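So you can see what is in the structure, the chains are spelled out below.
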Amino acid sequence: MEQPQTHIQPPGRFSTGFREIWQYRELFYFFTWRDIKVKYKQTSLGIIWALLQPLGMMLLFTLLFSKTLNFDTRPLPYPVFVLSGLILWNLFQSSVSHAGESMIQHAGIIKKIYFPRLIIPGSAVLVALFDFMMGLLIFLVFCLVYKQAFHWYTLPYFLGGMLLLLLAALGTGTFLAALNVKYRDFRYTIPFFLQVLFFSSQIIYPFNAITQPVLKYILALNPVNAAIELFRCGLTGQVPDSLVLVAGASTTVVVFLAGLYYFRKTEAYFADIA
Amino acid sequence: MKPAIDIRNLGKQYPLHDAPPYVSLRDILSQSVKKVFSPAEKKEKFWALRDINLQIEPGERVGIIGRNGAGKSTLLKIISRITPPTTGEAFIRGRVGSLLEVGTGFHPELTGRENIYLNGSILGLKKAEITRQLEAIIDFSGVEKFIDSPLKHYSSGMQLRLAFSVAAHLEPEILLIDEVLAVGDLEFQKKCLGKMEEVSRKDGRTILFVSHNMSYIASLCDKAVLLDKGRLVKEGGAAEVISQYISSARSITALDNSPIAANPIVRLLSVQSINAGHQRCESFAADETIGIEMEYEVLQAGHVLWLGYNLHNEEGVNLFDTHSVNTAQYTEPHATGKYKAVAWVPGHLLNTGMYFTSCAVFNHLRQVIHLHEKDILVFHVHDVFERQTARGMSPGEFPGMVRPLLEWKIEKSET
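K.L.:
Just to check I follow, could you spell out the overall build of chain A for this structure?
P.N.:
Per the secondary structure count, chain A includes 12 helices and 1 strand. Along chain A, from the amino end to the carboxyl end, the secondary structure elements read β-α-α-α-α-α-α-α-α-α-α-α-α. The C-alpha radius of gyration of chain A comes to 20 Å, within 12% of the 19 Å expected for a compact globule of 274 residues. Referenced to the eigenvectors of the C-alpha coordinate spread, the extents of chain A come out at roughly 65 × 45 × 40 Å. For chain A, the residues scored as buried account for 53% of the 274 residues in total. Long-range pairs, those at least 24 residues apart, make up 80% of the contacts in chain A between residues at least 6 apart in sequence. Of the accessible surface of chain A, which amounts to about 13,200 Å², a share of 68% is contributed by carbon and sulfur atoms. Computed over 20 positive and 12 negative side-chain charges, the separation of the two mean positions in chain A equals 3 Å.

K.L.:
I'm lost on a nonpolar patch on the surface in this one. Help?
P.N.:
Residues Ile48(A), Trp49(A) and Leu52(A) make up a contiguous nonpolar surface patch of about 310 Å² in total accessible area. By secondary structure assignment, the location of Ile48(A) is in helix α3 (residues 47–68).

K.L.:
It is not clear to me how the environment of Leu164(A) should be interpreted in this structure. Could you clarify?
P.N.:
All names here are of chain A. By the element assignment, Leu164 lies in helix α7 (residues 154–182). In the structure, Leu164 is positioned 60 residues away from Val224 in sequence and 8.1 Å away in space, judged by C-alpha atoms. If near-sequence neighbours (up to four positions away) are discounted, Leu164 is found in contact with Ala226, Ala227, Leu230, Leu245, Ala249 and Thr252.

K.L.:
Is there a simple way to think about the sheet that holds strand β1 (residues 5–15) of chain B in this case?
P.N.:
Note on sheets: strands pair through backbone hydrogen bonds, and any given pair is parallel or antiparallel. The sheet built from 4 strands is open, its strands ordered β1(A)-β4(B)-β1(B)-β2(B) with antiparallel pairing. The open sheet is flanked by β1 (5–8) of chain A together with β2 (45–56) of chain B, the only strands paired with a single partner. Sheet twist, expressed as the average angle between the axes of neighbouring strands with direction ignored, equals 20 degrees. Pairing geometry for β1(B) and strand β4 (residues 87–93) of chain B, over 5 bridges, is antiparallel. Bridge pairing in β4(B) links Arg8(B) to Glu89(B). Helix-sheet contacts for helix α2 (residues 72–79) of chain B involve β1 of chain A together with β1, β2 and β4 of chain B, and the interaxial angle to β1(B) is about 115 degrees.

K.L.:
What is the right way to read the interface of chain A and chain B from this model?
P.N.:
At the interface, 40 residues of chain A touch 47 residues of chain B. With both sides pooled, the region where chain A packs onto chain B buries about 3,900 Å², and carbon together with sulfur makes up 63% of that total. Taken as a group, Ile8(A), Phe30(A) and Lys112(A) account for 17% of the area that chain A buries against chain B, more than any other trio of residues on that side. Taken together, the connections running from chain A to chain B amount to 3 salt bridges. Where Glu114(B) meets Lys37(A), a salt bridge forms, and the shortest distance between an N and an O atom there is 2.8 Å. On inspection of chain A and its partner chain B, the count reaches 11 residue pairs in polar contact (both at pLDDT 80 or more). Elements represented by at least two residues in the side of chain A that touches chain B include exactly β1, α1 (18–23), α2 (25–42), α5 (107–110), α7 and α12 (270–273) of chain A. In terms of residue count, the dominant contributor to the side of chain A that touches chain B is α2(A) (10 residues). Here the residues of the side of chain A that touches chain B sort into 21 nonpolar, 7 polar and 12 charged.

K.L.:
Looking at this model, I keep getting lost on the pattern of salt bridges. Mind explaining?
P.N.:
Counting across every chain of the model gives 19 salt bridges over all chains. Its salt-bridge partner being Glu267(A), residue Arg264(A) comes within 2.6 Å of it at the nearest N-O pair. With relative accessibility at 12%, the residue Glu267(A) sits in the buried group. Through salt bridges with shared partners, one network takes in Asp6(B), Arg8(B) and Glu89(B).

K.L.:
Is there a simple way to explain the sheet that holds strand β15 (residues 318–323) of chain B in this structure?
P.N.:
All names here are of chain B. An order of β12-β18-β17-β14-β15 is seen for the 5 strands of this open sheet, with the pairing classed as mixed. Lying at the two open borders of the sheet, with one neighbouring strand each, are β12 (283–285) and β15. On average, adjacent strands in this sheet sit at an angle of 30 degrees to one another, irrespective of strand direction.

K.L.:
I'm lost on the nonpolar core in this one. Help?
P.N.:
Among the nonpolar cores identified, the biggest contains 101 residues, and Phe92(A), Phe132(A), Phe139(A) and Ile116(B) are the most heavily contacted of them. Here this core takes 13 residues from helix α4 (residues 78–105) of chain A, the largest share from any one element. Residues contacting Phe92(A), with those up to four places away along its chain left out, are Leu165(A), Ala168(A), Ala169(A), Thr172(A), Leu194(A), Leu197(A) and Val224(A). Among the nonpolar cores identified, the runner-up in size contains 30 residues, and Phe284(B), Ala286(B), Val345(B) and Tyr355(B) belong to it.

K.L.:
I would appreciate a short explanation of the packing of helix α6 (residues 119–145) of chain A against α7(A) in the present structure.
P.N.:
For any two helices packed against each other, one specifies the inter-axial angle together with the distance between the axes. All names here are of chain A. For the pair α6 and α7, the least separation of the axes is 11 Å and the interaxial angle reads 150 degrees. As the angle between them shows, α6 and α7 are arranged roughly antiparallel. Crossing of α6 over α7 shows right-handed handedness. Between α6 and α7, the residues in contact are Pro121, Gly122, Val125, Leu129, Phe132, Met133, Leu136, Phe139 and Leu140 and Phe158, Met162, Leu166, Leu170 and Thr174, respectively. Taken together, the residues of the contact of α6 with α7 break down into 12 nonpolar, 2 polar and no charged.

Calculation criteria
- Residues numbered from 1 in each chain as written.
- Chains lettered and ligands numbered in written order.
- Predicted model: local features only at pLDDT ≥ 70, side-chain atom pairs only at ≥ 80, totals over all residues.
- Heavy atoms only, no water.
- Helix = DSSP H or I, 4+ residues; strand = E, 2+ residues; numbered from the N terminus.
- Rg over C-alpha atoms; globule rule 2.2 N^0.38 Å.
- Buried < 20%, exposed > 50% of the residue type's maximum accessible area, 1.4 Å probe, protein only.
- Contact = heavy atoms within 4.5 Å.
- Areas by Shrake-Rupley, 256 points an atom, 1.4 Å probe, with all protein chains shown as cover.
- Lys, Arg positive; Asp, Glu negative; His and termini not counted.
- Charge placed at Lys NZ, Arg CZ, Asp CG, Glu CD.
- Patch = residues over 30% accessible without salt bridge, like charges linked within 9 Å, V, L, I, M, F, W, Y side chains within 5 Å.
- Salt bridge = Lys/Arg side-chain N within 4 Å of Asp/Glu carboxyl O.
- Pairing = 2+ DSSP bridges.
- Axes fitted to C-alpha atoms, helices over the stretch in contact; angles between N-to-C directions.
- Buried area = accessible area lost by both parts, 1.4 Å probe.
- Polar contact = N/O pair within 3.5 Å; in protein donor to acceptor, adjacent residues only side chain to side chain.
- Nonpolar A, V, L, I, M, F, W, Y, C, P; charged D, E, K, R; others polar.
- Core = buried A, V, L, I, M, F, W, Y, C linked by side-chain atoms within 4.5 Å.
- Parallel < 35°, antiparallel > 145°, perpendicular 65-115°, else oblique.
- Left-handed = near helix turned anticlockwise from the far one by under 90°.

Here you go:
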């Protein structure tokens, strides 16, 4: 019988390790399953909480801004506009903050058992994706209430936006997770970093409300903007703003590759320092 | 057939640090400012393992022994891929199951059944394999009644049983075990050992076993490896290697000035067994008084320190614990300085055999353990035939965990 042979040696050249993750896909599944299960066991409101939170925020922003600041969000009504941005933002924010904390939280397991470490931040992102799917359902119902039409291009645009967002979230999350293991006080900067990103994303305001040219180019680099742009175009049928899309998608790819690279480079020593 | 584990020139280097290995960004920033003004200091490193070469054939059961810090756990961690080596390489043929710690990943909110799946998959089982073995796992654990209630309602003993039960049903070709048997009650320990033996004999599984308990090693392993300060110093039959370890363990004395164990309050300088004449001695006659002496230095005044020993026989049975209850220092704080403490074990108490002594500096009232060094001292008790002992004239093995010479009296009750 041919037995699997493992060759153990000092860390060498970079590889993504996706093949190994595929071998460990069941563990990936169980980590995600556990976190979803525990999350909804612990809160009595359960899934409802995941839905109420973006709805509440949407209500707040609608009351605050739709009358006072008069953003031109046409053709989308402001509540639909805000909610679409919010559910995507929640996906990003919850992925990044949970993935960022995940390695510290799992220090006990990391020190005792080997498995591809990427599974840990990866499953944090999947848990966030599960919550997002719940939010998306509510959003779709909400669209129906506002008589928002869906078209053949809605799905590909939605998927494109989600894909961009997930790549950016995974890149940022893995990067922060690895940094967090090494620099324990780094975690305190994460909420601030997310806050800055929230206000630089086109969630409560449309991107074309930014007229200052330098600021416009800087904000276009924010990967969340590109994802929201694509997602909303699925509803409006407009052509995505090429500046936002190209700049944002480029940052997404850079962030994803850099985060993955840094994580893979440092992961061998997580057990020694965690 | 190729060896199941083939280790070549393996080495593992760790940076030597007093502080925790992770750092804060604040420190990094302040250090980099300092570095501008003072030359960089060299970071010290030490080798936890050095030049290890070891071949283990499929089906061999190998005990890894050595003092604390000898590199035993590091070796298992490298083989189970938790940490990478610094130099060298190793080839592992077959699936590795590691029991470095049972119950890894257990979640209190999930039920026993759910935790079996979670823990099983963390330990490397496929979902289908777990489902196939589920009944056996639940049976073996003995917690059937509670299997569908959340783990947080389990006692720690029950959690351990469940955890071990999952681990015992792993079917890896190579099983790594590190001190798991130190926990749990005696009956369950025996059950686990039995299961492990059954598994390894029947399926020809390769086992690597790290333990301080020489009797477990002797009964479970056919081969043993002795590590000392990161180097492999002896490899061979279990009995042979154990006896070398025991003779090297005896040589822990104050001769080398490095403390055996230390913390900011107290450090242990030496532990040795002495005879009635205060001479160092490792082998005692059954009727001889045995002194267990530890030398320690108190670095911080004001602590009430209790001293204690516990004595285990070769089977790992804890024969007794003894604490420094009749000393002035039991209630009054120690001043700083060096101390020697002797506890005298009376003659005619221990049966013949090997004894493993652990020593501790602690205070149970304050719930602190300053030091606890397991099996730090080993001595031997042998028979003596020229003087009166409990054995009298009976030949052969004299059973019993202890062998006191009791006062007998025979009177004629009827005339």
